[in-house]
Amino acid sequence: MSDLWEGIGQALWLLVTLDADLVEITLRSLRVTLTALVIACAIALPIGAFLAVRRFRARRFTIALLNALMGLPPVVVGLIVYVLLSRSGPFGVMGLIFTPTAMIIAQVVIIVPLISSIAHQALRELWSDYHDLLISLNTTQRQRMAALLWDGRRALLTAALAGFGRAIGEVGAIMIVGGNIDHHTRVLTTAIALETGKGDFAMALGLGFVLILLAIAVNLAIHIIGRTEQEGRW
Amino acid sequence: MKSLLTGLWVALATSSAAFADDMKLAVTTSFQNSGLADVLLPAIKEDTGIDVQLLVVGTGQALRLSEAGDVDAILVHSRTAEEAFVAAGYGTHRREIMYNDFVFIGPDTDPADIKAADTASVALAKIADAKSPFVSRGDDSGTHKAELKLWAAADLTPAGNWYRKVGAGMGATLNIASGMPAYVISDRASWLNFGNKDGLALLFAGDPVLFNQYAFLPVNPAKHPHVKADLAQTLEDWLTSGTAKALIDGYEINGETLFTFNAE
Amino acid sequence: MRSLFPLTLTGATIRRKGKRLVGPIDLTLQDQGITIVIGPNGAGKTSLLRMMHGIARLSDGAINWGCDLDTAHAAQSFVFQQPILLRRSVRDNIAYPLRLRGIAKAMARAQADTAGTRVGLGPMLDRPATFLSGGERQKLAIARALITKPALLFLDEPCASLDGRATREIEEILRQAATSGTRLIMSTHDMGQARRLADDVLFLLKGHIHEHAPTPLFFDQPQTAEAAAFLNGDIVE
Ligand SMILES: Nc1ncnc2c1ncn2[C@@H]1O[C@H](COP(=O)(O)OP(=O)(O)O)[C@@H](O)[C@H]1O
Ligand SMILES: [Mg+2]
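The residue count restarts for each chain, going from 1 along the sequence in the order it is written. Chain A is the first chain written and ligand 1 is the first ligand written, with later ones labelled in order. Where totals are concerned, whole chains, interfaces and linings use all residues; where local detail is concerned, this predicted model gives features only for residues with pLDDT of at least 70, and gives and counts side-chain atom pairs only at 80 or more. Only hydrogens and water are set aside; all other atoms, that is, all heavy atoms of the structure, feed into the side-chain values.

S.K.: Residues and numbers for the site of ligand 1, please.
M.R.: All names here are of chain C. The environment of ligand 1 is formed by Arg16, Lys19, Leu21, Pro40, Asn41, Gly42, Ala43, Gly44, Lys45, Thr46 and Ser47. The definition of a polar contact used here is a pair of N or O atoms within 3.5 Å, where within protein one atom must be able to donate a hydrogen and the other to accept one, and adjacent residues in sequence count solely through side-chain atom pairs. Within the backbone of Ala43, a nitrogen or oxygen atom sits 3.3 Å from an oxygen atom of ligand 1. Between Gly44 and ligand 1, the recorded distance is 3.0 Å, taken from a backbone N or O atom to an oxygen atom. A total of 560 Å² of accessible area belongs to ligand 1 in isolation, and the protein chains cover 62% of it. Working definition: helices are DSSP H or I runs of at least four residues, strands are E runs of at least two. Numbering for both runs from the N terminus. Of all the secondary-structure elements, those providing two or more residues to the shell around ligand 1 are β2 (19-29) and α1 (45-53). Of all the elements, α1 adds the most residues to the shell around ligand 1, at three residues. We call a residue near a molecule or strand when any one of its heavy atoms sits within 4 Å of it. With residues, only the protein chains shown are counted as cover, and all accessible areas are computed by Shrake-Rupley using a 1.4 Å probe.

Pasting the structure below:
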């Protein structure tokens, strides 16, 4: 229990003094995860929309696969990405291993199934609302997906936020592919793992609280940008 | 709003500058936990201009990373594995830098009475006889290998409910030992820097078999042409220099010296 | 451009899960006027309209237009019994079919404003469509259906859940559309509405066309006992 209070104290102290390392690590966490999120959304949202509007033979299988991948342990993703990006791996020449880019790739792989699965759930309902109208209007597949993605953007925001939450809090995979190198690939979660390893629970908890605050801040910011509250419900 | 976002993005994007002279060095958890890196790295940067990026991993993973060419050099402490590594051609050579020692940590009540032991083998025998809980790293790290060697030297095969392999790093293992509580073998540096010592105490140390030799091994550029062999050479020269000797021998935690420089 | 009409259905049938929803229908429609489809609930009115519009797959038979199928599809619109609203503003809902045809946003919106104002939605163009009342929703759906200037407009019981005033307003909009050359095929269960609007009446019973006759004739001298009973307000099975 005392660790908890010390952790809160530690977090406050780090925040109030704008600890240089903390700022650096936090900004890197944000940069890596937001980049991964943008890329993942660009891939996952169209997948979700496609699964909603298109009946094809492997559709059920694809959905089942996405759901299964959603539960894939990040460490496994980390290992696979490591093997691919390692200097001895097929993409080794690109020299990406132990860089923020490698961490972004791992996070993209981890959250694409999650985002596309949630997006598909949300868009499936919208599609059943829109189905008759869009068929009647002779829309092309692209136009159908575009209508769903645009009109379902609020629900998709939730999907994106779920992806953000999972990516920013992920440690297993980025530890392996990023290497937790100080001033280079250290982010909040790997720093927490490091401090825990040193037995410095107060510091680890302090960083943990910063991580929670960051997640809340990003959620609020995205909601405000989306003006969810003002425009009311659709 | 948009311009604010763009500004934030630019700030984020520029927050990691690219370094021209950087190299990757895989080191063991125990080395990182000692805090010595925090003293050495700034000095290295100052003297040679090299930005050493540390990958803190177990010895097993360090060897794998260098075999794959993902790092430029390693600093580890597991002699047999290191010699096999050089023999297989993955490293050009093995250069001894310094040593520290392993210590026996256990419940401060010392149920197996290892305080009274005069050698490491006797201490282990007492633990095994008493079937007192003992946590092993179990992660194929240098420390784990050293522990196994000590059991073998004592002619014991630890097995049973009291012997727990946790498969974790030194810090995590110490956390587990503190929670049980249990005996554990740790490097002195990790122990001194460990923040959660409640209920644990250093019970036995000093047997020469517990000395723990660190060596520097550059990755063989013949195997991996992209490795920064010249930077590794510069780093090796620095690590074996008088400056390094002064810093290593002078490094203390709570007034205790941790490492002894012994490069030739 | 060749005309959509005549529209010819030959043996057109829809079956789902072994159940016959409508058909076989043999029917020819020419390019003038307002055709009203009536019949008891479950007679197959919706199925018939959807089948003609091409959004319900045929199980049997054929539907032929005076032109090729793509042109025919592009020249018709459908207003559903439950208006389907896009989660957008009223303006963007009405503009949507134009946007689909590649018309620039500003131009599409300007046209939507005109079309929306014409059906009385002028003051609420900026509002989310889901804030509209039942009558306003149906007006939106009609404005959206008419904005592409279709040659043919299907309406499936567009006034089913509306009060008298909204019904009158919608009928006025439809009459104007018909005057400006849009062919209407519309189902209703409101005999008053059928009398007011119809040029000819299709009386549907159990998926079959039981009677098809021009207006005064159908209402004054129904040829079948069932049609007479239905017009009387009796329950027809
Ligand atoms: N997709 C469907 N599958 C099975 N039965 C249907 C389906 N759609 C409509 N039906 C049934 O077909 C019959 C005709 O329906 P409908 O065309 O909606 O009649 P109406 O519009 O005249 O009330 C009804 O008995 C209805 O329950
Ligand atoms: Mg109906």
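S.K.: Explain the UniProt feature "domain: ABC transmembrane type-1" (unreviewed entry) in chain A to me, and be specific about the residues and the numbers.
M.R.: UniProt positions are given in the numbering used here, feature names are shortened, and annotations may be inferred rather than shown by experiment. As recorded in UniProt, the feature "domain: ABC transmembrane type-1" (unreviewed entry) lies at residues 26-222 of chain A. As a span, residues 26-222 of chain A carries 79% helix and 0% strand, and end to end its C-alpha atoms are 18 Å apart.

S.K.: Pulling in residues and values, what's your account of a nonpolar patch on the surface?
M.R.: Residues and elements named next belong to chain A. Patches were defined on residues exceeding 30% relative accessible area and lacking a salt bridge, with like-charge contacts within 9 Å and nonpolar side-chain contacts (Val, Leu, Ile, Met, Phe, Trp, Tyr) within 5 Å. By salt bridge we mean one thing: a side-chain nitrogen of Lys or Arg within 4 Å of a carboxyl oxygen of Asp or Glu. On the surface, a cluster of nonpolar side chains totalling about 660 Å² of accessible area is made up of Val76, Leu79, Ile80, Leu84, Phe91, Val93 and Met94. Here Ile80 shows up in helix α4 (residues 74-85). Relative accessibility under 20% of the residue-type maximum defines a buried residue, over 50% an exposed one, and the middle range a partly exposed one, all with a 1.4 Å probe and only protein chains included. On the basis of relative accessible area, Ile80 is assigned to the partly exposed category, the value being 45%.

S.K.: Describe the domain arrangement of chain B, listing the residues and the values that go with them.
M.R.: Where interface size is quoted, it is often the accessible area lost as the parts come together. All names here are of chain B. Reported domain spans reflect what an automatic or database domain assignment gives. For chain B, the domain assignment lists domain 1 (2-99 + 211-261) and domain 2 (102-210). A C-alpha centroid distance of 27 Å is found between domain 1 and domain 2. Between two residues, a contact is recorded if the distance between any of their heavy atoms is within 4.5 Å. Counting residues at the interface gives 20 residues for domain 1, matched by 20 residues for domain 2. Once two parts are joined, some of their accessible surface, as seen by a 1.4 Å probe, is lost; buried area is that loss totalled over both. Where domain 1 abuts domain 2, roughly 1400 Å² becomes buried across the two surfaces, and 54% of that area is made up of carbon and sulfur atoms. At the boundary of domain 1 with domain 2, the tally comes to one salt bridge. As a salt-bridge pair, Glu256 and Arg188 come within 3.2 Å of each other at their nearest N and O atoms. Counting every contact that joins domain 1 to domain 2 gives four residue pairs in polar contact (both at pLDDT 80 or more).

S.K.: Please give an account of the packing of aromatic side chains that cites residues and values.
M.R.: All names here are of chain B. Pairing of aromatic rings covers Phe, Tyr and the six-membered ring of Trp, with a centre-to-centre limit of 6.5 Å; geometry is then stacked below 30 degrees between planes, edge-to-face above 60, and tilted otherwise. Taken as a whole and judged by the stated rule, the model has 17 aromatic pairs over all chains. Between Phe134 and Tyr163, the aromatic rings sit 5.7 Å apart at their centres with planes inclined by 10 degrees, giving stacked as the arrangement. Taken together, the positions of Phe134 in strand β5 (residues 134-136) and Tyr163 in strand β6 (residues 163-165) put the pair 29 residues apart, joining distant regions of the chain. The pair formed by Phe134 and Tyr163 is uniform in burial state, with each residue classed as buried. Following the ring pairs from residue to residue traces out a cluster consisting of Phe134, Trp151, Trp162 and Tyr163. Cation over ring: Lys197 sits above Trp191, and NZ or CZ is 5.3 Å from the ring centre. The ring of Tyr90 is capped by Lys223, whose NZ or CZ atom sits 4.7 Å from the centre of that ring. A ring is considered to have a charge above it if a Lys NZ or an Arg CZ atom is located within 6 Å of its centre and within 35 degrees of its normal.

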